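Observations on chain architecture
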Amino acid sequence: MSVFPKDFLWGGATAANQVEGAWNEDGRGPALTDVTTGGSVKERRKVTYIDKDGNHCRMSKFDKLPEGAHYAVLPECYYPNHIGVDQYHRYKEDIALFAEMGFKTYRMSISWSRLFPNGTEDEPNRKGVEHYRKVFEELRKYNIEPLVTIWHFDTPLYLEEHCGGWANRKTIDYYLHFAETCFREYKGLVHYWLTFNEINNTMPDSFFNPNATDETYQEACTILHYQLVASAKAVQIGHAIDRTNMIGNMICGICYYSLTCDPQDILLNEHQWQKKIYYCGDVQCKGEYGTYAKKLWEDHHVTLDITEDDLVDLKKGTVDMYTFSYYMSQSVTTHTDVERTAGNMSAGVKNPYLTYSDWGWSTDPDGLQYYLEKIYDRYRKPMIIVENGLGAYDTVEADGSIHDPYRIDYYRAHIKAMARAIEAGVDLRGYTTWGCIDVVSAGTGEMRKRYGFIYVDMDDAGQGTLNRSRKDSFYWYKKVIASNGEDLD
Ligand code: BGP
(Lines give C-alpha, C1' and ligand atoms only; values in the text may rest on other atoms or scores of the structure.)
Protein backbone atom coordinates (compact mmCIF):
# COMPACT_ATOMS: atom_id res chain seq x y z
CA MET A 1 0.00 0.00 0.00
CA SER A 2 1.28 3.44 -0.96
CA VAL A 3 2.05 5.78 1.92
CA PHE A 4 0.89 8.71 -0.23
CA PRO A 5 -2.72 9.82 0.37
CA LYS A 6 -5.03 8.63 -2.40
CA ASP A 7 -5.76 12.15 -3.67
CA PHE A 8 -2.11 13.21 -3.52
CA LEU A 9 -1.47 16.05 -5.97
CA TRP A 10 1.28 14.81 -8.28
CA GLY A 11 2.29 17.28 -10.94
CA GLY A 12 4.76 19.85 -12.18
CA ALA A 13 5.44 23.57 -11.92
CA THR A 14 6.40 26.53 -14.08
CA ALA A 15 6.18 30.32 -13.94
CA ALA A 16 4.64 32.62 -16.56
CA ASN A 17 7.77 34.65 -17.26
CA GLN A 18 9.86 31.51 -17.79
CA VAL A 19 7.52 29.65 -20.15
CA GLU A 20 4.99 31.90 -21.82
CA GLY A 21 6.99 34.15 -24.11
CA ALA A 22 4.60 36.44 -26.06
CA TRP A 23 6.06 39.18 -23.90
CA ASN A 24 4.45 42.05 -25.84
CA GLU A 25 1.41 40.34 -27.37
CA ASP A 26 -2.29 40.93 -26.77
CA GLY A 27 -1.71 44.00 -24.66
CA ARG A 28 0.79 42.60 -22.17
CA GLY A 29 3.08 45.17 -20.55
CA PRO A 30 6.76 44.50 -19.79
CA ALA A 31 8.11 43.16 -16.50
CA LEU A 32 11.65 43.35 -15.14
CA THR A 33 12.34 39.91 -16.62
CA ASP A 34 11.82 41.42 -20.09
CA VAL A 35 14.81 43.71 -19.71
CA THR A 36 16.96 40.95 -18.21
CA THR A 37 19.54 39.33 -20.48
CA GLY A 38 20.68 35.72 -20.56
CA GLY A 39 23.65 34.68 -18.41
CA SER A 40 25.40 31.58 -17.17
CA VAL A 41 26.68 30.03 -13.97
CA LYS A 42 29.80 32.24 -14.25
CA GLU A 43 28.30 35.36 -15.78
CA ARG A 44 25.32 36.89 -14.01
CA ARG A 45 22.24 38.03 -15.90
CA LYS A 46 22.09 41.79 -16.47
CA VAL A 47 19.28 44.31 -16.50
CA THR A 48 19.50 46.77 -19.41
CA TYR A 49 18.71 50.47 -19.50
CA ILE A 50 19.50 53.73 -21.26
CA ASP A 51 21.16 56.34 -19.08
CA LYS A 52 20.40 60.06 -19.06
CA ASP A 53 22.97 60.67 -21.83
CA GLY A 54 21.49 58.02 -24.11
CA ASN A 55 24.14 55.34 -23.46
CA HIS A 56 23.14 51.68 -23.54
CA CYS A 57 24.01 50.19 -20.13
CA ARG A 58 23.74 46.97 -18.09
CA MET A 59 23.58 46.46 -14.35
CA SER A 60 22.96 43.71 -11.82
CA LYS A 61 19.28 43.05 -11.12
CA PHE A 62 19.85 44.15 -7.53
CA ASP A 63 21.23 47.55 -8.52
CA LYS A 64 19.12 50.67 -8.59
CA LEU A 65 18.29 52.42 -11.83
CA PRO A 66 20.55 55.52 -11.95
CA GLU A 67 19.02 58.99 -11.84
CA GLY A 68 17.49 59.98 -15.20
CA ALA A 69 17.84 56.48 -16.71
CA HIS A 70 15.03 54.24 -17.97
CA TYR A 71 14.77 50.49 -18.45
CA ALA A 72 15.10 49.51 -22.11
CA VAL A 73 15.16 46.54 -24.44
CA LEU A 74 18.45 47.01 -26.32
CA PRO A 75 18.72 45.75 -29.92
CA GLU A 76 22.19 44.27 -29.29
CA CYS A 77 20.99 42.04 -26.41
CA TYR A 78 19.11 38.75 -26.28
CA TYR A 79 16.29 38.39 -23.75
CA PRO A 80 15.34 34.73 -23.26
CA ASN A 81 12.08 35.48 -21.41
CA HIS A 82 10.68 37.19 -24.51
CA ILE A 83 10.24 33.76 -26.08
CA GLY A 84 10.25 31.54 -22.99
CA VAL A 85 9.21 28.20 -24.44
CA ASP A 86 6.25 29.80 -26.21
CA GLN A 87 3.69 28.24 -23.89
CA TYR A 88 1.36 31.19 -24.51
CA HIS A 89 0.71 29.70 -27.95
CA ARG A 90 1.36 26.05 -27.19
CA TYR A 91 -0.47 25.57 -23.90
CA LYS A 92 -2.85 22.99 -25.36
CA GLU A 93 0.00 20.79 -26.52
CA ASP A 94 1.79 21.15 -23.18
CA ILE A 95 -1.29 20.38 -21.13
CA ALA A 96 -1.99 17.30 -23.27
CA LEU A 97 1.54 16.09 -22.45
CA PHE A 98 1.02 16.76 -18.73
CA ALA A 99 -2.24 14.82 -18.94
CA GLU A 100 -0.43 11.95 -20.66
CA MET A 101 1.88 11.74 -17.63
CA GLY A 102 -1.22 11.63 -15.43
CA PHE A 103 -0.74 15.01 -13.72
CA LYS A 104 -3.26 15.70 -10.98
CA THR A 105 -2.14 19.32 -10.72
CA TYR A 106 -0.20 21.92 -12.68
CA ARG A 107 1.41 24.81 -10.86
CA MET A 108 1.64 27.93 -13.01
CA SER A 109 1.57 31.66 -12.48
CA ILE A 110 -0.42 34.54 -13.87
CA SER A 111 1.64 37.29 -15.42
CA TRP A 112 0.61 40.47 -13.59
CA SER A 113 1.41 42.70 -16.59
CA ARG A 114 -0.70 40.51 -18.88
CA LEU A 115 -3.73 41.48 -16.79
CA PHE A 116 -2.56 44.96 -15.82
CA PRO A 117 0.09 46.15 -18.31
CA ASN A 118 1.34 48.95 -16.05
CA GLY A 119 0.03 47.50 -12.82
CA THR A 120 -1.98 50.66 -12.08
CA GLU A 121 -5.06 50.31 -14.34
CA ASP A 122 -8.57 50.03 -12.91
CA GLU A 123 -9.80 47.58 -15.52
CA PRO A 124 -7.88 44.46 -16.53
CA ASN A 125 -6.79 43.70 -20.09
CA ARG A 126 -9.59 41.35 -21.20
CA LYS A 127 -7.35 39.44 -23.61
CA GLY A 128 -5.07 38.54 -20.72
CA VAL A 129 -7.97 37.53 -18.49
CA GLU A 130 -9.46 35.33 -21.21
CA HIS A 131 -6.14 33.69 -21.98
CA TYR A 132 -5.83 32.26 -18.46
CA ARG A 133 -9.50 31.28 -18.42
CA LYS A 134 -8.84 29.14 -21.51
CA VAL A 135 -5.75 27.62 -19.88
CA PHE A 136 -7.68 26.72 -16.71
CA GLU A 137 -10.53 25.25 -18.75
CA GLU A 138 -8.07 23.20 -20.74
CA LEU A 139 -6.55 21.86 -17.50
CA ARG A 140 -9.98 21.04 -16.10
CA LYS A 141 -10.80 19.13 -19.29
CA TYR A 142 -8.17 16.61 -18.14
CA ASN A 143 -9.08 16.86 -14.45
CA ILE A 144 -5.84 18.67 -13.72
CA GLU A 145 -6.22 20.99 -10.74
CA PRO A 146 -4.59 24.38 -11.35
CA LEU A 147 -2.30 25.56 -8.54
CA VAL A 148 -1.75 29.23 -9.22
CA THR A 149 1.01 31.55 -8.08
CA ILE A 150 -0.22 35.12 -8.12
CA TRP A 151 3.23 36.76 -8.10
CA HIS A 152 6.25 34.95 -9.45
CA PHE A 153 9.08 37.52 -9.64
CA ASP A 154 7.27 39.66 -12.25
CA THR A 155 6.13 43.03 -10.99
CA PRO A 156 5.16 45.21 -13.97
CA LEU A 157 8.11 47.29 -15.11
CA TYR A 158 6.05 50.47 -14.91
CA LEU A 159 5.53 49.94 -11.18
CA GLU A 160 9.25 49.28 -10.73
CA GLU A 161 10.31 52.34 -12.70
CA HIS A 162 7.68 54.94 -11.89
CA CYS A 163 6.16 53.95 -8.56
CA GLY A 164 9.10 52.72 -6.50
CA GLY A 165 8.11 49.06 -6.83
CA TRP A 166 7.70 47.17 -3.58
CA ALA A 167 9.59 49.82 -1.61
CA ASN A 168 6.40 51.88 -1.91
CA ARG A 169 3.44 50.94 0.30
CA LYS A 170 1.06 51.87 -2.53
CA THR A 171 2.18 48.75 -4.42
CA ILE A 172 0.25 46.69 -1.87
CA ASP A 173 -2.99 48.15 -3.27
CA TYR A 174 -1.99 47.54 -6.89
CA TYR A 175 -1.11 43.94 -6.04
CA LEU A 176 -4.39 43.44 -4.18
CA HIS A 177 -6.37 44.75 -7.11
CA PHE A 178 -4.58 42.21 -9.31
CA ALA A 179 -5.07 39.40 -6.79
CA GLU A 180 -8.76 40.22 -6.30
CA THR A 181 -9.28 40.23 -10.07
CA CYS A 182 -7.74 36.75 -10.23
CA PHE A 183 -9.89 35.42 -7.36
CA ARG A 184 -13.07 36.83 -8.92
CA GLU A 185 -12.43 35.96 -12.55
CA TYR A 186 -11.33 32.40 -11.87
CA LYS A 187 -13.70 31.56 -9.04
CA GLY A 188 -14.74 27.94 -9.47
CA LEU A 189 -11.89 27.22 -11.88
CA VAL A 190 -9.02 27.62 -9.41
CA HIS A 191 -9.02 26.60 -5.73
CA TYR A 192 -5.31 26.44 -4.91
CA TRP A 193 -3.47 29.77 -4.76
CA LEU A 194 -0.03 30.94 -3.67
CA THR A 195 0.38 34.62 -2.85
CA PHE A 196 4.12 35.19 -3.50
CA ASN A 197 6.72 32.86 -4.95
CA GLU A 198 9.76 32.40 -2.68
CA ILE A 199 8.90 35.49 -0.71
CA ASN A 200 12.03 35.02 1.42
CA ASN A 201 14.12 35.20 -1.74
CA THR A 202 12.87 38.60 -2.77
CA MET A 203 15.89 40.48 -1.58
CA PRO A 204 18.76 38.02 -1.54
CA ASP A 205 21.30 40.80 -1.42
CA SER A 206 20.66 41.44 2.23
CA PHE A 207 19.37 38.23 3.73
CA PHE A 208 21.72 36.11 1.67
CA ASN A 209 24.77 38.34 1.71
CA PRO A 210 26.85 38.44 4.90
CA ASN A 211 28.36 41.81 3.93
CA ALA A 212 25.09 43.64 3.34
CA THR A 213 24.87 47.19 4.69
CA ASP A 214 22.25 48.53 7.11
CA GLU A 215 20.75 50.49 4.24
CA THR A 216 20.20 47.30 2.25
CA TYR A 217 18.58 45.70 5.29
CA GLN A 218 16.32 48.69 5.69
CA GLU A 219 15.10 48.37 2.13
CA ALA A 220 14.80 44.57 2.21
CA CYS A 221 12.84 44.51 5.45
CA THR A 222 10.54 47.26 4.17
CA ILE A 223 9.86 45.43 0.91
CA LEU A 224 9.29 42.18 2.75
CA HIS A 225 6.95 43.85 5.22
CA TYR A 226 4.83 45.28 2.41
CA GLN A 227 4.77 41.92 0.65
CA LEU A 228 3.86 40.12 3.86
CA VAL A 229 1.00 42.56 4.46
CA ALA A 230 -0.08 42.18 0.81
CA SER A 231 0.00 38.40 1.21
CA ALA A 232 -2.08 38.50 4.41
CA LYS A 233 -4.65 40.82 2.84
CA ALA A 234 -4.80 38.68 -0.30
CA VAL A 235 -5.53 35.61 1.86
CA GLN A 236 -8.47 37.46 3.43
CA ILE A 237 -9.81 38.62 0.06
CA GLY A 238 -9.40 35.14 -1.43
CA HIS A 239 -11.36 33.60 1.43
CA ALA A 240 -14.09 36.24 1.26
CA ILE A 241 -14.61 35.55 -2.45
CA ASP A 242 -14.59 31.77 -2.11
CA ARG A 243 -14.24 30.18 1.27
CA THR A 244 -13.20 26.88 -0.29
CA ASN A 245 -9.99 28.50 -1.60
CA MET A 246 -6.81 26.92 -0.21
CA ILE A 247 -4.27 29.72 -0.10
CA GLY A 248 -0.63 29.12 0.66
CA ASN A 249 2.62 30.92 1.16
CA MET A 250 5.71 29.85 -0.78
CA ILE A 251 9.14 29.77 0.81
CA CYS A 252 12.51 29.13 -0.80
CA GLY A 253 13.22 26.10 1.36
CA ILE A 254 16.93 25.62 1.70
CA CYS A 255 17.82 23.19 4.48
CA TYR A 256 20.61 24.66 6.61
CA TYR A 257 23.14 22.61 8.55
CA SER A 258 25.90 23.46 10.90
CA LEU A 259 29.15 22.21 9.35
CA THR A 260 30.69 21.28 12.71
CA CYS A 261 29.54 20.61 16.27
CA ASP A 262 31.27 23.78 17.47
CA PRO A 263 28.51 25.48 19.55
CA GLN A 264 29.29 28.72 17.70
CA ASP A 265 28.36 26.97 14.46
CA ILE A 266 25.19 25.57 15.98
CA LEU A 267 24.12 29.06 16.99
CA LEU A 268 25.01 30.48 13.61
CA ASN A 269 22.91 27.79 11.96
CA GLU A 270 19.92 28.52 14.19
CA HIS A 271 20.16 32.21 13.31
CA GLN A 272 20.34 31.24 9.66
CA TRP A 273 17.03 29.36 9.95
CA GLN A 274 15.45 32.32 11.71
CA LYS A 275 16.59 34.87 9.17
CA LYS A 276 16.10 32.93 5.99
CA ILE A 277 13.33 30.42 6.65
CA TYR A 278 11.27 31.40 9.72
CA TYR A 279 11.23 35.18 9.20
CA CYS A 280 8.53 35.00 6.50
CA GLY A 281 7.12 31.60 7.45
CA ASP A 282 6.29 32.72 11.00
CA VAL A 283 4.48 35.84 9.81
CA GLN A 284 2.52 33.93 7.20
CA CYS A 285 1.67 30.92 9.38
CA LYS A 286 1.50 32.38 12.89
CA GLY A 287 0.44 35.92 12.00
CA GLU A 288 3.30 37.75 13.67
CA TYR A 289 7.02 38.35 13.44
CA GLY A 290 9.26 36.15 15.56
CA THR A 291 11.16 37.65 18.48
CA TYR A 292 14.43 37.26 16.56
CA ALA A 293 13.05 39.64 13.87
CA LYS A 294 13.12 42.51 16.32
CA LYS A 295 16.74 41.69 17.16
CA LEU A 296 17.60 41.60 13.45
CA TRP A 297 16.06 45.04 12.95
CA GLU A 298 17.94 46.40 15.97
CA ASP A 299 21.25 44.94 14.84
CA HIS A 300 20.88 46.59 11.45
CA HIS A 301 19.23 49.83 12.62
CA VAL A 302 16.06 49.11 10.67
CA THR A 303 12.95 51.19 11.41
CA LEU A 304 9.88 49.69 9.87
CA ASP A 305 6.66 51.33 8.78
CA ILE A 306 4.38 48.90 10.63
CA THR A 307 0.89 50.24 11.32
CA GLU A 308 -1.69 48.94 13.82
CA ASP A 309 -3.80 47.83 10.84
CA ASP A 310 -0.84 45.86 9.48
CA LEU A 311 -0.60 43.91 12.72
CA VAL A 312 -4.31 43.07 12.57
CA ASP A 313 -4.05 42.05 8.91
CA LEU A 314 -1.05 39.82 9.51
CA LYS A 315 -2.99 38.05 12.26
CA LYS A 316 -6.14 37.65 10.16
CA GLY A 317 -4.38 36.63 6.95
CA THR A 318 -2.53 33.48 7.91
CA VAL A 319 -2.25 30.89 5.17
CA ASP A 320 -4.11 27.57 4.84
CA MET A 321 -1.05 25.63 3.79
CA TYR A 322 2.72 25.91 3.78
CA THR A 323 4.33 25.40 0.40
CA PHE A 324 7.98 25.60 -0.50
CA SER A 325 10.63 24.94 -3.09
CA TYR A 326 13.40 22.51 -2.23
CA TYR A 327 16.54 22.04 -4.25
CA MET A 328 19.41 21.74 -1.80
CA SER A 329 20.89 22.06 1.63
CA GLN A 330 23.65 24.44 2.59
CA SER A 331 26.11 24.30 5.45
CA VAL A 332 27.27 27.19 7.58
CA THR A 333 30.29 27.61 9.82
CA THR A 334 32.23 30.24 11.71
CA HIS A 335 35.46 28.51 10.66
CA THR A 336 37.47 29.84 7.75
CA ASP A 337 39.67 26.85 6.87
CA VAL A 338 36.94 25.11 4.86
CA GLU A 339 36.32 24.19 1.25
CA ARG A 340 33.84 26.44 -0.56
CA THR A 341 31.47 25.93 -3.48
CA ALA A 342 30.51 28.39 -6.15
CA GLY A 343 27.28 28.57 -8.08
CA ASN A 344 24.29 30.80 -8.48
CA MET A 345 22.34 30.82 -5.20
CA SER A 346 24.66 28.28 -3.64
CA ALA A 347 28.04 29.85 -2.96
CA GLY A 348 28.97 28.52 0.46
CA VAL A 349 30.70 25.84 2.40
CA LYS A 350 31.13 22.42 0.82
CA ASN A 351 29.43 19.55 2.63
CA PRO A 352 31.75 16.52 2.23
CA TYR A 353 28.81 14.07 2.42
CA LEU A 354 26.99 15.48 -0.61
CA THR A 355 27.42 15.66 -4.38
CA TYR A 356 26.97 18.88 -6.35
CA SER A 357 25.31 19.59 -9.71
CA ASP A 358 27.02 21.34 -12.61
CA TRP A 359 25.53 24.55 -11.25
CA GLY A 360 26.97 23.96 -7.79
CA TRP A 361 23.68 22.95 -6.10
CA SER A 362 23.94 20.08 -3.62
CA THR A 363 21.75 16.99 -3.99
CA ASP A 364 20.34 16.13 -0.58
CA PRO A 365 17.08 14.14 -0.31
CA ASP A 366 17.57 13.66 3.45
CA GLY A 367 17.53 17.45 3.73
CA LEU A 368 14.02 17.39 2.24
CA GLN A 369 12.84 14.91 4.87
CA TYR A 370 14.47 17.01 7.59
CA TYR A 371 12.85 20.20 6.28
CA LEU A 372 9.39 18.62 6.03
CA GLU A 373 9.52 17.21 9.55
CA LYS A 374 10.94 20.36 11.12
CA ILE A 375 8.50 22.75 9.43
CA TYR A 376 5.44 20.57 9.89
CA ASP A 377 6.13 20.34 13.58
CA ARG A 378 6.50 24.13 13.78
CA TYR A 379 3.25 25.10 12.01
CA ARG A 380 1.05 21.95 11.78
CA LYS A 381 -0.33 23.07 8.41
CA PRO A 382 -0.80 20.93 5.30
CA MET A 383 2.28 21.10 3.11
CA ILE A 384 2.97 20.93 -0.63
CA ILE A 385 6.42 20.80 -2.21
CA VAL A 386 5.82 23.13 -5.14
CA GLU A 387 9.32 23.00 -6.65
CA ASN A 388 12.01 20.36 -6.64
CA GLY A 389 14.25 19.19 -9.44
CA LEU A 390 17.64 18.85 -11.00
CA GLY A 391 18.97 21.37 -13.51
CA ALA A 392 21.20 19.36 -15.85
CA TYR A 393 22.64 19.21 -19.37
CA ASP A 394 20.64 16.83 -21.58
CA THR A 395 21.82 15.19 -24.79
CA VAL A 396 19.51 14.48 -27.69
CA GLU A 397 20.54 11.19 -29.35
CA ALA A 398 20.60 10.73 -33.11
CA ASP A 399 17.19 9.06 -32.97
CA GLY A 400 15.75 11.94 -30.98
CA SER A 401 15.59 10.09 -27.65
CA ILE A 402 16.84 11.72 -24.44
CA HIS A 403 18.23 9.48 -21.70
CA ASP A 404 18.23 11.26 -18.35
CA PRO A 405 18.87 8.63 -15.65
CA TYR A 406 20.44 11.35 -13.42
CA ARG A 407 17.08 13.12 -13.27
CA ILE A 408 15.22 9.89 -12.48
CA ASP A 409 17.72 9.08 -9.71
CA TYR A 410 17.27 12.55 -8.26
CA TYR A 411 13.47 12.32 -8.20
CA ARG A 412 13.45 8.74 -6.93
CA ALA A 413 15.56 9.70 -3.92
CA HIS A 414 13.44 12.77 -3.15
CA ILE A 415 10.14 10.90 -3.46
CA LYS A 416 11.48 8.26 -1.04
CA ALA A 417 12.37 11.06 1.37
CA MET A 418 8.80 12.41 1.06
CA ALA A 419 7.41 8.95 1.85
CA ARG A 420 9.56 8.78 4.99
CA ALA A 421 8.33 12.19 6.09
CA ILE A 422 4.71 11.12 5.58
CA GLU A 423 5.39 8.01 7.65
CA ALA A 424 6.78 10.29 10.33
CA GLY A 425 3.44 12.12 10.43
CA VAL A 426 3.85 15.05 8.02
CA ASP A 427 0.61 16.10 6.30
CA LEU A 428 2.08 16.33 2.81
CA ARG A 429 -0.59 16.88 0.15
CA GLY A 430 1.25 17.34 -3.12
CA TYR A 431 4.43 17.52 -5.15
CA THR A 432 4.99 19.64 -8.24
CA THR A 433 8.42 19.13 -9.77
CA TRP A 434 10.08 22.28 -11.06
CA GLY A 435 10.20 22.86 -14.80
CA CYS A 436 8.18 19.77 -15.71
CA ILE A 437 8.79 21.09 -19.21
CA ASP A 438 12.16 22.77 -19.94
CA VAL A 439 12.00 26.47 -19.08
CA VAL A 440 14.27 29.52 -19.13
CA SER A 441 16.34 29.38 -15.95
CA ALA A 442 15.38 32.14 -13.51
CA GLY A 443 18.86 32.40 -12.07
CA THR A 444 21.01 32.20 -15.17
CA GLY A 445 18.63 32.77 -18.08
CA GLU A 446 19.91 29.61 -19.74
CA MET A 447 17.90 26.99 -21.63
CA ARG A 448 20.62 24.39 -21.26
CA LYS A 449 20.02 24.17 -17.52
CA ARG A 450 17.16 21.77 -18.10
CA TYR A 451 14.70 20.42 -15.54
CA GLY A 452 11.94 18.97 -17.71
CA PHE A 453 10.38 15.59 -18.35
CA ILE A 454 9.58 17.28 -21.66
CA TYR A 455 12.45 18.54 -23.78
CA VAL A 456 12.08 21.82 -25.66
CA ASP A 457 14.22 22.37 -28.73
CA MET A 458 15.57 25.83 -27.96
CA ASP A 459 19.08 26.99 -27.10
CA ASP A 460 20.60 29.85 -25.12
CA ALA A 461 20.71 32.12 -28.15
CA GLY A 462 17.06 31.61 -29.04
CA GLN A 463 17.72 29.13 -31.84
CA GLY A 464 15.49 26.07 -32.15
CA THR A 465 12.15 24.79 -33.37
CA LEU A 466 10.51 24.89 -29.91
CA ASN A 467 9.30 21.36 -30.63
CA ARG A 468 8.52 19.22 -27.59
CA SER A 469 9.75 15.65 -27.02
CA ARG A 470 9.53 13.13 -24.20
CA LYS A 471 12.64 12.29 -22.14
CA ASP A 472 13.06 8.89 -20.42
CA SER A 473 12.00 10.58 -17.18
CA PHE A 474 8.62 11.36 -18.79
CA TYR A 475 7.71 7.66 -18.92
CA TRP A 476 9.18 7.08 -15.48
CA TYR A 477 7.14 9.87 -13.81
CA LYS A 478 4.02 8.58 -15.53
CA LYS A 479 4.53 5.21 -13.76
CA VAL A 480 5.20 6.97 -10.46
CA ILE A 481 1.92 8.85 -10.68
CA ALA A 482 -0.07 5.82 -11.88
CA SER A 483 1.19 3.83 -8.87
CA ASN A 484 0.68 6.78 -6.47
CA GLY A 485 4.39 6.86 -5.67
CA GLU A 486 4.91 3.15 -5.20
CA ASP A 487 6.63 2.17 -8.42
CA LEU A 488 9.90 4.10 -8.37
CA ASP A 489 12.00 1.64 -10.42
C1 BGP B 1 13.33 29.08 -7.90
C2 BGP B 1 12.31 29.82 -8.69
C3 BGP B 1 11.97 29.26 -10.02
C4 BGP B 1 13.04 28.43 -10.67
C5 BGP B 1 13.91 27.64 -9.72
C6 BGP B 1 15.16 27.05 -10.34
O7 BGP B 1 14.09 30.00 -7.18
O8 BGP B 1 11.08 29.94 -7.99
O9 BGP B 1 11.44 30.28 -10.80
O10 BGP B 1 13.62 28.97 -11.75
O11 BGP B 1 14.29 28.38 -8.60
O12 BGP B 1 16.16 28.03 -10.43
P13 BGP B 1 17.02 28.24 -11.73
O14 BGP B 1 16.04 28.56 -12.80
O15 BGP B 1 17.94 29.36 -11.42
O16 BGP B 1 17.72 26.96 -11.96
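What you see is a predicted model, and the numbers here were worked out from it, not measured in a lab.

1. Quick look at the sheet that holds strand S2 (residues 47-50)
- Spatially, the three strands line up as an open sheet ordered S3-S2-S4, and their pairing is antiparallel. Edge positions in the open sheet fall to strand S3 (56-59) and strand S4 (70-71), since each of these has one partner strand only.
- The pairing of S2 with S3 spans four bridges and is antiparallel. Looking across to S3, one finds that Tyr49 is bridged to Cys57.

2. Concerning the environment of Lys350
- Note on placement: Lys350 falls in the loop between strand S13 (348-349) and strand S14 (355-356).
- Given the relative accessible area of 31%, Lys350 is considered partly exposed.
- Sequence-distant contacts of Lys350, defined by excluding residues within four places in its chain, comprise Leu259, Glu339, Arg340, Thr341 and Tyr356.

3. Here we look at the packing of helix H9 (residues 263-286) against helix H10 (residues 291-299)
- Remark: H9 packs on H10, axes separated minimally by 10 Å, with the N-to-C direction vectors making an angle of 120°. By the angle between their axes, H9 is oblique relative to H10. Considering how the two elements wind past one another, H9 and H10 form a crossing that is left-handed. Together, Gln274, Lys275, Tyr278, Tyr279 and Asp282 of H9 and Tyr292, Ala293, Leu296 and Trp297 of H10 make up the contact between the two elements.
- Residue classes in the contact of H9 with H10 are distributed as six nonpolar, one polar and two charged.

4. Regarding the packing of H9 against helix H12 (residues 365-379)
- In the contact formed by H9 and H12, the axes pass within 11 Å of each other and the chain directions differ by 40°. One way to sum up the angle between H9 and H12 is to call them oblique. Once H9 is placed against H12, the crossing between them reads as right-handed. Where H9 approaches H12, its residues Trp273, Ile277, Tyr278, Gly281, Asp282, Cys285 and Lys286 are matched on the opposing element by Tyr370, Tyr371, Lys374, Ile375, Arg378 and Tyr379.

5. A closer look at the site of the ligand
- For the ligand, the set of nearby residues contains 15 residues, the closest of which are Gln18, Glu198, Ala442, Lys449 and Tyr451.
- One of the side-chain N or O atoms of Asn197 is found 2.9 Å from an oxygen atom in the ligand.
- Split into classes, the residues belonging to the shell around the ligand amount to six nonpolar, six polar and three charged.

6. A look at the pattern of salt bridges
- Counted according to the given criterion, the structure contains 35 salt bridges.
- Two residues, Arg114 and Glu20, come together in a salt bridge whose shortest N-O distance is 2.9 Å. Separated by 94 residues along the polypeptide, Arg114 in helix H3 (residues 112-115) and Glu20 in the loop between helix H1 (16-19) and S2 bring together distant segments of the chain.
- You can call Arg114 buried: its relative accessible area is 0%.
- Arg184 is the salt-bridge partner of Glu180, the closest N and O atoms lying 2.8 Å from each other.

7. Topic: helix H11 (residues 308-316)
- Along H11, the positions that sit buried rather than exposed are Asp310, Asp313 and Leu314. Buried residues along H11 cover an arc of 100° about the axis, so they all sit on one side. Summarising the geometry of H11, the exposed residues directed more than 90 degrees from the buried face are Glu308, Asp309 and Lys316.

8. A short note on the packing of aromatic side chains
- One pass over the full model with this rule turns up 36 aromatic pairs.
- Ring geometry for Trp151 and Phe196: centres 5.3 Å apart, planes at 50°, overall tilted. Of this pair, Trp151 sits in strand S6 (residues 145-151) while Phe196 sits in strand S7 (residues 192-196), and the two are 45 residues apart along the sequence. The pair Trp151 / Phe196 is uniform in exposure class, with both members buried.

9. Points about the state of the cysteines
- Evaluated as defined, the whole model comprises zero disulfides.
- Here Cys57 stays unpaired: no disulfide links it, and the sulfur of Cys77, its closest cysteine neighbor, is 11 Å away.
- The thiol of Cys221 is unpaired, and the distance to the nearest cysteine sulfur, on Cys280, comes to 9.4 Å.

10. Describing the sheet that holds S6
- Strand order around the closed barrel formed by eight strands is S1-S5-S6-S7-S8-S10-S16-S17, with parallel pairing between neighbours. Strand-to-strand twist in this sheet, taken as the mean axis angle between neighbours without regard to direction, amounts to 25°.
- Where strand S1 (residues 9-13) meets strand S5 (residues 105-109), three bridges bridge the pair, whose relative direction is parallel. Within S5, the position partnered with Gly12 by the bridge is Tyr106.
- Lying over the sheet, helix H4 (residues 126-141) contacts S5 and S6, oriented at roughly 170° with respect to S5.
- Those strands touched by helix H14 (residues 472-482) are S1 and strand S17 (428-434), and its axis lies near 150° from that of S1.

Here is what the cut-offs are and how they apply
- Residues numbered from 1 in each chain as written.
- Predicted model: local features only at pLDDT ≥ 70, side-chain atom pairs only at ≥ 80, totals over all residues.
- Heavy atoms only, no water.
- Pairing = 2+ DSSP bridges.
- Helix = DSSP H or I, 4+ residues; strand = E, 2+ residues; numbered from the N terminus.
- Buried < 20%, exposed > 50% of the residue type's maximum accessible area, 1.4 Å probe, protein only.
- Contact = heavy atoms within 4.5 Å.
- Axes fitted to C-alpha atoms, helices over the stretch in contact; angles between N-to-C directions.
- Parallel < 35°, antiparallel > 145°, perpendicular 65-115°, else oblique.
- Left-handed = near helix turned anticlockwise from the far one by under 90°.
- Nonpolar A, V, L, I, M, F, W, Y, C, P; charged D, E, K, R; others polar.
- Near = heavy atom within 4 Å.
- Polar contact = N/O pair within 3.5 Å; in protein donor to acceptor, adjacent residues only side chain to side chain.
- Salt bridge = Lys/Arg side-chain N within 4 Å of Asp/Glu carboxyl O.
- Arc of directions from axis to C-beta.
- Phe/Tyr/Trp six-rings, centres within 6.5 Å; stacked < 30°, edge-to-face > 60°.
- Disulfide = S-S within 2.5 Å.

Honestly, that's just the spatial picture; any functional story needs more than this.
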